[in-house]
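Next come the chains, spelled out residue by residue.
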Amino acid sequence: MDEKERAAKNIGTAIAMYQSSGALKKIFDKAINGTKEERVRIGGPFLAESILAAFGIENALKALIRREGKPPKNIHNLRKLYDMLAPETQQRIREKGEAIGIPGNGKVMGIRVEGVIDEHQDSFEELRYRESEKDLPMIPGLLTDTLGAIIQTHQEKYGEDVKREEKQRTDQVSPATMPERLKKYYENVFMPKSG
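Structural notes, computed from the coordinates. (Residues numbered from 1 in each chain as written. Predicted model: local features only at pLDDT ≥ 70, side-chain atom pairs only at ≥ 80, totals over all residues. Heavy atoms only, no water.)

1. Concerning the pattern of salt bridges
And then number 1: Tallying each qualifying case throughout the model produces 13 salt bridges.
And then number 2: Glu 88 is the partner of Lys 157 in a salt bridge, and the nearest nitrogen-oxygen pair spans 3.1 Å. With a gap of 69 residues between them, Lys 157 in helix H8 (residues 142–173) and Glu 88 in helix H5 (residues 87–99) connect regions that are remote in the sequence.
And then number 3: With its nearest N and O atoms 3.4 Å apart, the salt bridge here joins Glu 156 to Arg 92. Pair noted here: Glu 156 is in helix H8 and Arg 92 is in helix H5, with a separation of 64 residues, a long-range link.
And then number 4: A relative accessible area of 25% means that Arg 92 is categorised as partly exposed.
And then number 5: Salt bridges linked by common partners bring Glu 68, Lys 70, Glu 88, Arg 92, Lys 96, Glu 156 and Lys 157 together as one network. (Salt bridge = Lys/Arg side-chain N within 4 Å of Asp/Glu carboxyl O. Helix = DSSP H or I, 4+ residues; strand = E, 2+ residues; numbered from the N terminus. Buried < 20%, exposed > 50% of the residue type's maximum accessible area, 1.4 Å probe, protein only.)

In structure tokens:
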């Protein structure tokens, strides 16, 4: 598999994480103005949204790095990955983040992408194991919105990766085009129901 194909896989994973964390973000948006019980119940989805979005950011950054012709290091640190991007790509991501409107302090604010990446550079590892002293991000959905800005940048520069990955995913669910390894997987994990 070449770097272009790996980039397509990375962005496909990032988009899946964005869709999942975005669905959880909708829970927060609803609960934030709800009852006290509704607000208390968002703890679990908040943790899941943060983990999914941090993993998505890692994959989206790796996709961009690969498309710029540099194989990314085998690391999870978002700041180190972001720093591997070309300055022009960083600028485009910054502009996307600034354009996102997040309500806060009585006004709508944009996102400082570098600030989010600095604050959450190790979130994927820290949040998965919860052995760290670090608290969860203070604003539900912040990582998801940051991931969205990175995905938008990728789509503008390399939209064909997304189309290629979507086609491969669609082909995998069709029995006629399903790769042999997936057919074997289904045979191993499913069995006909009796009766």
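2. Some thoughts on a nonpolar patch on the surface
And then number 1: Together, Tyr 185, Val 189 and Phe 190 make up a nonpolar patch on the protein surface, roughly 330 Å² of accessible area in all.
And then number 2: One can find Phe 190 in the segment after helix H9 (180–189). (Patch = residues over 30% accessible without salt bridge, like charges linked within 9 Å, V, L, I, M, F, W, Y side chains within 5 Å. Areas by Shrake-Rupley, 256 points an atom, 1.4 Å probe, with all protein chains shown as cover.)

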